Amino acid sequence: MKKQPHKRTRDTIAALKPHYLPASADAGGAAPHRYHWLIDLFIQLVKTKPLGAFGGALVLTLVLMALAAPLIATHDPNEMHGMQTLVPPGSDFFFGTDALARDLFSRIVHGARVSLTVGLGAVGLSIFLATVIGVLSGYFGGVLDTILQRCVDAIMSFPWLIIMLTVMSILGPGTGNVILALALAGFAGSSRVIRSAVLAIKHSEYVLAARSIGCRQPAILIRHILPNVAAPILVLATLGLGNAILAEAALSFLGYGVPPPAPSWGRMLSGDGLDHMLRGPWLVIFPGLAISAAVFGFNMLGDALRDLLDPRLTGGARANK
Amino acid sequence: MMPTPMQNQQQAKPILEVHGLIVRFTLRDGALIAVRNVSFDLFPGESLGVVGESGCGKSVTFLSVMRLIPTPPGKIDAVKMRFSGMDLLDASKRQMRRIRGNRISMVFQDPMSSLNPVLTIGRQMREGIQLHLGLSGRSLDDRCIELLDKVGISAPEMRLKSYPHQLSGGIRQRVMIAMALSCNPSILLADEPTTALDVTIQDQILRLIRDLTRDLGTASVLITHNLGAVAGTTDRIMVMYAGRIVEKAPTPLLFKDPRHPYTQGLLRSIPRVDQPAGRRLYSISGAPPDLLRETIQGCAFAPRCPLAEEQCVAQAPSLEPFAPEHLVSCWKAADAHQHG
Amino acid sequence: MKRYITRRLLLLLPTLLLVSFLVFCIVRIIPGDAVTLMVAEMGFADDEAELRAVLGLDQSLPRQYWNYMRNALRGDLGTSLWSGQPVLEEITRRLPLTFRLALMALFWTLLTGIPLGVLSALKQDTWLDYLLRSVSVGGLSIPSFWLATLLVVFGAIWFRWVPPIDFIPFGEDPLASLGQLVVPSLVLSVALSASIMRMTRTMMLEVMREDYIRTARAKGLSEWVVVIRHALANSLIPVLSIMGIQMAFLVGGTVIMESIFVLPGMGKYLLDAITWRDYPVIQGINLFICTLIICINLVIDLLYGVLDPRIRY
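Chain A appears in an unreviewed UniProt entry as ABC transporter permease from Desulfatitalea alkaliphila. Per UniProt, chain A has the following entry under Subcellular location (unreviewed entry): "Cell membrane".

Put into structure tokens, the structure is as follows:
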């Protein structure tokens, strides 16, 4: 990342662009569009990261599936088809039916909605908390940093699943509570990454320049610091969505996730019980494939974005040290 | 293109013969020819200076001799590359390992990063000696202490137990030199050995290399971007530009009668004590060509050359004898009098 | 070194204090209806007021915190509402199993993750590297509970293998008891191994570009010695710190494995406690596990100092 004195947000955003992007993107001539770097990023992704682009395609599929679920699903996800329990996959029920004679394909398509809703909610909340803490801690430093970091230490020593189970056991079932539990389990780690990104630019020349010409603190924070942590946030959000989907599935699998009858992929794997699964193995295969594909897509896309946006982020461990 | 035989060394057989060396790199965004048809001989015990700007292929040339260029992406080709009669191009990996650190050794630019931070100095010194000389136990330690003593490190027994980060840059480079000379090599390759050091220490290190190689009868190659650094310590100098040798001459001759405009530029950009104060230091305008993007048809230096003519841009000159032992690759060699 | 350890230990105190405070708070925010449910469903007491008294919820918050901290420091984590046994005793009875499961998973993780990561780095951009990288991303994406369920379902369908329902205590038959843990620990290690492998690969690639690797090669050392002696130690230092973060992940994973394979460990106990609304147990397990993880991280930090001479004490 090039660090130059910047005056406007737009330029600051342009500075996010890795130096190895095509030179044309730097050309001053035409006024650079505010989101130019996102378009460049997309082109770069498709060109140089085939696996990342594949991940992106999976993510896109997932999003479309969630948006158009009623159009794609062949049946009502909660409709019970009489005696047709545990019907193997076929032309009528693509993925077969479950023990309650519900169409598995439609349930999985609608499950994308559940996964994405919970995932987006949790990641949104988690990233918001992480950004507030990371920016405050990194930018102001000193006692505030010490106190916040000790708190983050404390929260990070809770195992993710234990934190989520405990929160769920106390708050009781509900989609909102799942989102809250996931966010609480995830924001501390993210705040570390954002803090180190803030630390890295805090001492850069253009922030010093902005300070020296008398910019007020909030202005510096919003105009200069925040746009520069956009890259790590984008990466954290993408990888975080994968993790959140995985965590929601685990929570639902254990019976503490999104309450029934919502078609949660994780619950599909546990709700039917082993006896049914032995008679209808498709009940195990399809929901698991859906979870894996979604998580895989977000992981691949996140990895590729990280490589493209900021090589420094590779190896989160060093960001923590 | 064969270099003319060196008159004063006609009897001696060169210990290192390189003829027509070409090193290519295949990178994601294109192919790069880092070394273009480089030929030279190195005689036993002599000291050769190799001078040029960074990226001119001087390091790559000698890393190729050691076969330390990763292949791929690199590719080494040569008409001939022999070390005391042995073909380095066809040598097996095992044969190369027997040469490296034993017959030909190398000192690198940055002593901060060239030593392994998690191993003690002693451990890093011992492993080469153990491997090539087969020493062990007491005699191994004695050898290490003797070497550290020779490069002027005080309390060598203590230093063996130190980690690199506990030593200063100058001491670390001395350790590197001690390591490089530990198996009495025939050739010592020093790649910018003083660039990363304080100015006050640079001279000490250069003199140390000169004295030690002279005592041991080791041939040395001093690779540097600073013509001043090789003035007092080398017998011959080879100037490189954009992957080619542009001028090659005995050191005194090169300083007295440089023929390539690039050499002349380099010479004039050395700060001199005898120059009137307040005079601005000369610098060659422009930048060397980007070997990855630009295709060079004529002389690579032509765009920066004050004497460039049509011919220079159209056709590349070859390295031709200008005087006995003095080779120049320039169309204007005859009229390139030193000016300014 | 001594000063370093002392400093790290002192830094530990505020973290521990905060953790205990967080645990205290989490359990105190139980909404009123939870207590009602505890009475109605579980019959822990005759009425709400009595249960509040039993839980100590009738006292003022500072008083509650004082009692809680004093007891915790004495090693008293409270009494289970369900069994009437001290929570610490219940935990320590189940801990060895969880510990063995986690340790075995860690063993598989290191056994596969590090060598495969090194291999992938050394064969960078070959088909083997691509294969290993794809496998590792796959390993990270496949939920462990799905993998476990697949094994159970298809093990039964194809091989008539059913995970044993009766748990064999370690004291009775150590080998058979450990044998029961092989499959769960293997499943548990998949994701961990994948991330260790990725980290090892990244660090190896970085280290192999270092100048000192070139120096080692210029000495004429064989590639094997260069990798093992000069590259691996340097690459594993950052991998070690990842392990610290993974400890928390590992403990979470044991909960799932113990639940699927019906192993009477600490994770299963937590799930049961949640089902039984046994809040003293939930509070005790949280405090216990966090303290354990903080201590493990301390040990890893100290190891870090031992392995990397550049770290000054």
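From this point, things continue past the structure.
> Before we go on, may I ask you to explain the interface of chain C and chain B in this structure?
A common measure of how large an interface is: the accessible area buried when the components associate. Every contact between the two is made by 20 residues of chain C and, on the other side, 26 residues of chain B. Across the interface of chain C and chain B, roughly 2000 Å² is buried in total on both sides, 59% from carbon and sulfur atoms. In this structure, the connection of chain C to chain B is made through two salt bridges. For the interface between chain C and chain B, the tally reads 11 residue pairs in polar contact (both at pLDDT 80 or more). For the side of chain C that touches chain B, the secondary-structure elements that each account for two or more residues are helix 9 (211–218) and helix 10 (223–260) of chain C. In terms of residue count, the dominant contributor to the side of chain C that touches chain B is helix 9 of chain C (six residues).

> What am I meant to see in helix 6 (residues 169–180) of chain B here?
Relative to the 16 Å expected for 12 residues at 1.5 Å per residue, helix 6 of chain B spans 16 Å between its end C-alpha atoms, a close match to the ideal helical length. Extensive coverage of helix 6 of chain B is indicated by the burial of 11 of its 12 residues. Those residues of helix 6 of chain B that are buried lie in contact with strand 7 (104–107), helix 3 (121–133), helix 4 (137–150), strand 8 (187–191) and helix 7 (199–216) of chain B together with helix 9 of chain C.

> Looking at this model, I keep getting lost on unusual backbone geometry. Mind explaining?
When glycine is set aside, most residues are seen to have a negative phi, and most peptide bonds are trans. All names here are of chain B. A positive phi angle, near 60 degrees, is found at Asn37, a position not held by glycine. The residue Asn37 is located in strand 2 (residues 30–42) in this model. For Glu192, which is not a glycine, the phi torsion comes out positive at approximately 50 degrees. As for its placement among the helices and strands, Glu192 is situated in the loop between strand 8 and helix 7.

> Honestly, the arrangement of the chains in this entry has me stumped. Any pointers?
The pair of protein chains exhibiting the most contacts, out of two pairs of chains in contact, is chains A and C. As for chain B relative to chain A, no contact occurs, and the smallest C-alpha gap between them is 10 Å.

> Just to check I follow, could you spell out the confidence of the model for chain A for this structure?
Detailed reading of the predicted coordinates is not advisable wherever pLDDT is low. All names here are of chain A. In the predicted model, chain A carries a mean pLDDT of 77, and 84% of its residues have values of at least 70. Confidence, read as mean pLDDT per element, is least for helix 15 (residues 316–320) in chain A (31) and greatest for helix 5 (residues 104–140) (90). Counting contacts from residues 1–32, a segment whose pLDDT is below 50, to residues more than four positions away or on other chains yields 49 contacts. Low pLDDT, under 50, characterises residues 311–321; the stretch is placed with 22 contacts to residues that sit more than four places away or in other chains.

> What is the right way to read the packing of aromatic side chains from this model?
The geometry of an aromatic ring pair is captured by two quantities: the separation of the ring centres and the angle between the planes. Tallied over the full model, the rule gives 16 aromatic pairs over all chains. For the ring pair Tyr139(A) and Phe140(A), a centre distance of 5.2 Å and an interplane angle of 85 degrees mean the geometry is edge-to-face. Since its relative accessible area comes to 4%, Tyr139(A) is described here as buried. Taking 5.1 Å as the distance between ring centres and 80 degrees as the angle between the ring planes, the aromatic pair formed by Tyr241(B) and Phe301(B) counts as edge-to-face. Note that Tyr241(B) is positioned in strand 10 (residues 236–241) and Phe301(B) in the loop between helix 10 (261–268) and helix 11 (310–314), a separation of 60 residues in sequence. Above the ring of Tyr269(C), the side-chain terminus of Arg94(C) is found at 3.9 Å from the ring centroid.

> So what exactly am I meant to see when it comes to the nonpolar core here?
One broad trend across soluble globular proteins is that nonpolar side chains are buried collectively. Counting 183 residues, the largest nonpolar core has Leu165(A), Ile225(A), Leu254(A), Trp265(A), Leu51(C) and Phe145(C) as its most contacted members. For this core, the element with the most residues is helix 10 of chain C, which contributes 17 residues. Structurally, this core is a two-domain feature, drawing no fewer than three residues from each of domain 1 (34–76) and domain 2 (98–312) of chain C. Contact partners of Trp265(A), with chain neighbours within four places excluded, come to Leu62(A), Met65(A), Arg107(A), Ile108(A), Gly111(A), Ala112(A), Ser115(A), Pro287(A), Ala290(A), Ile291(A) and Ala294(A). Of all hydrophobic cores here, the second largest spans 96 residues; its members include Leu21(B), Cys56(B), Leu167(B) and Cys312(B).

> Can you walk me through the UniProt feature "transmembrane region" (unreviewed entry) in chain A in this structure?
Residues and elements named next belong to chain A. Mapped onto this numbering, the UniProt entry gives "transmembrane region" (unreviewed entry) at residues 51–73, 114–140, 152–172, 178–201, 233–258 and 278–302. Along residues 152–172, the helical share is 81% and the strand share 0%, with 25 Å between the first and last C-alpha atoms. In residues 278–302, the share of helix is 92% and the share of strand is 0%. The end C-alpha atoms are 36 Å apart.

> Explain helix 14 (residues 282–309) of chain A here, please?
Quick reminder: α-helices carry 3.6 residues per turn. Residues three or four places apart thus point the same way. Relative to the 40 Å expected for 28 residues at 1.5 Å per residue, helix 14 of chain A spans 40 Å between its end C-alpha atoms, a close match to the ideal helical length. The element helix 14 of chain A is extensively covered by neighbouring structure, given that 23 of its 28 residues are classed as buried.

> Help me understand a nonpolar patch on the surface in this model?
On the surface, a nonpolar cluster with roughly 700 Å² of combined accessible area is contributed by Leu274(A), Leu278(A), Leu151(C), Ile157(C), Trp158(C), Phe159(C) and Trp161(C). For the nonpolar patch, the element with the most residues is helix 7 (residues 144–159) of chain C, which contributes four residues. Mapped onto the secondary structure, Trp161(C) falls in the loop between helix 7 and helix 8 (174–208).

> I would appreciate a short explanation of the packing of helix 6 of chain B against helix 7 of chain B in the present structure.
Two measures define how a pair of helices packs: the angle their axes make with one another and the distance between the axes. Residues and elements named next belong to chain B. Packing of helix 6 against helix 7 brings their axes to within 11 Å, and their N-to-C directions diverge by 15 degrees. Between helix 6 and helix 7, the interaxial angle falls into the category roughly parallel. Seen from above, helix 6 lies across helix 7 with right-handed handedness. On helix 7, the residues touching Gly170, Gln173, Arg174 and Ile177 of helix 6 are Ile201, Gln204, Ile205, Leu208, Ile209 and Leu212. By residue class, the composition of the contact of helix 6 with helix 7 is six nonpolar, three polar and one charged.

> What am I meant to see in the interface of chain A and chain C here?
Between chain A and chain C, the residue contacts involve 45 residues of the former and 58 residues of the latter. A combined buried area of about 4300 Å² lies between chain A and chain C, and 78% of that area is made up of carbon and sulfur atoms. A salt bridge links Asp303(A) to Arg198(C), with the nearest nitrogen and oxygen atoms 2.7 Å apart. Here chain A and chain C share seven residue pairs in polar contact (both at pLDDT 80 or more) between them. In terms of residue count, helix 14 of chain A provides more of the side of chain A that touches chain C than any other element does, 12 residues in total. Along the lines of polarity and charge, the residues of the side of chain A that touches chain C split into 30 nonpolar, nine polar and six charged.

> Explain the sheet that holds strand 3 (residues 47–51) of chain B to me, please; I cannot follow it from the model alone.
What holds strands together in a sheet is hydrogen bonding between their backbones, with the strands either parallel or antiparallel. Residue and element names in this part refer to chain B. Ordered in space as 7-8-9-3-10-11-13-12, the eight strands form an open sheet in which the pairing is mixed. Every interior strand has two partners, whereas the edge strands, strand 7 and strand 12 (320–323), have only one. Pairwise comparison of adjacent strand axes, ignoring direction, gives a mean angle of 25 degrees for this sheet. Of the strands in this sheet, strand 7 and strand 8 are in contact with helix 6, which crosses strand 7 at around 175 degrees.

Cut-offs used in this document
Numbering of residues begins from 1 in every chain and follows the order in which that chain's sequence is written. As a convention, the first chain written is A and the first ligand written is 1, with the rest following in written order. In keeping with the predicted nature of the model, local features appear solely for residues at pLDDT of at least 70, side-chain atom pairs appear and are counted solely at 80 or more, and the whole-chain, interface and lining totals rest on all residues. In computing side-chain properties, one takes all heavy atoms of the structure into account and sets aside hydrogens as well as water. UniProt positions are given in the numbering used here, feature names are shortened, and annotations may be inferred rather than shown by experiment. It only takes one pair of heavy atoms within 4.5 Å for two residues to be counted as in contact. Throughout, the accessible surface (probe 1.4 Å) given up by two parts as they are put together, summed over both, is called the buried area. In the sections that follow, a salt bridge refers to a side-chain nitrogen of Lys or Arg positioned within 4 Å of a carboxyl oxygen of Asp or Glu. N or O atoms within 3.5 Å of each other form a polar contact, as long as, within protein, one can give a hydrogen and the other can take it, and as long as residues adjacent in sequence are counted only when both atoms are side-chain atoms. What counts as a helix is a DSSP run of H or I of at least four residues, what counts as a strand is a run of E of at least two, and both are numbered from the N terminus. Expected span of a helix: the number of residues minus one, times 1.5 Å. Residue exposure (1.4 Å probe, protein chains only): buried if accessible area is under 20% of the type maximum, exposed if over 50%, otherwise partly exposed. Confidence per residue, as judged by the predictor, is encoded in pLDDT with a range of 0 to 100. Ring geometry is summarised as follows: Phe, Tyr and Trp rings, the Trp one being its six-membered ring, pair when their centres sit within 6.5 Å, and such pairs are stacked at plane angles under 30 degrees, edge-to-face over 60 and tilted between the two. Only Lys NZ and Arg CZ are tested; either one counts as a charge over a ring when it is within 6 Å of the ring centre and within 35 degrees of the ring normal. We call a set of buried Ala, Val, Leu, Ile, Met, Phe, Trp, Tyr and Cys residues a nonpolar core when their side-chain atoms join them within 4.5 Å. Bear in mind that the domain bounds are from an automatic or database domain assignment. The patches described consist of residues with a relative accessible area above 30% and no salt bridge, like charges being joined within 9 Å and nonpolar side chains (Val, Leu, Ile, Met, Phe, Trp, Tyr) within 5 Å. For accessible areas, the Shrake-Rupley method is used with a probe of radius 1.4 Å. Any residue's cover is judged against the shown protein chains and nothing else. Only the stretch in contact is used when fitting a helix axis, every axis being a line fitted to C-alpha atoms; angles between N-to-C directions are given from 0 to 180 degrees. By the definition adopted for this analysis, an angle is roughly parallel if under 35 degrees, roughly antiparallel if over 145, roughly perpendicular if from 65 to 115, and oblique otherwise. If you view the pair so one helix is near and one far, a crossing is left-handed when the near helix is turned anticlockwise from the far one by less than a right angle, and right-handed when it is turned clockwise. Three categories are distinguished: nonpolar for Ala, Val, Leu, Ile, Met, Phe, Trp, Tyr, Cys and Pro, charged for Asp, Glu, Lys and Arg, and polar for the others, with Gly belonging to the last. Between any two strands, pairing holds if DSSP finds at least two bridges.

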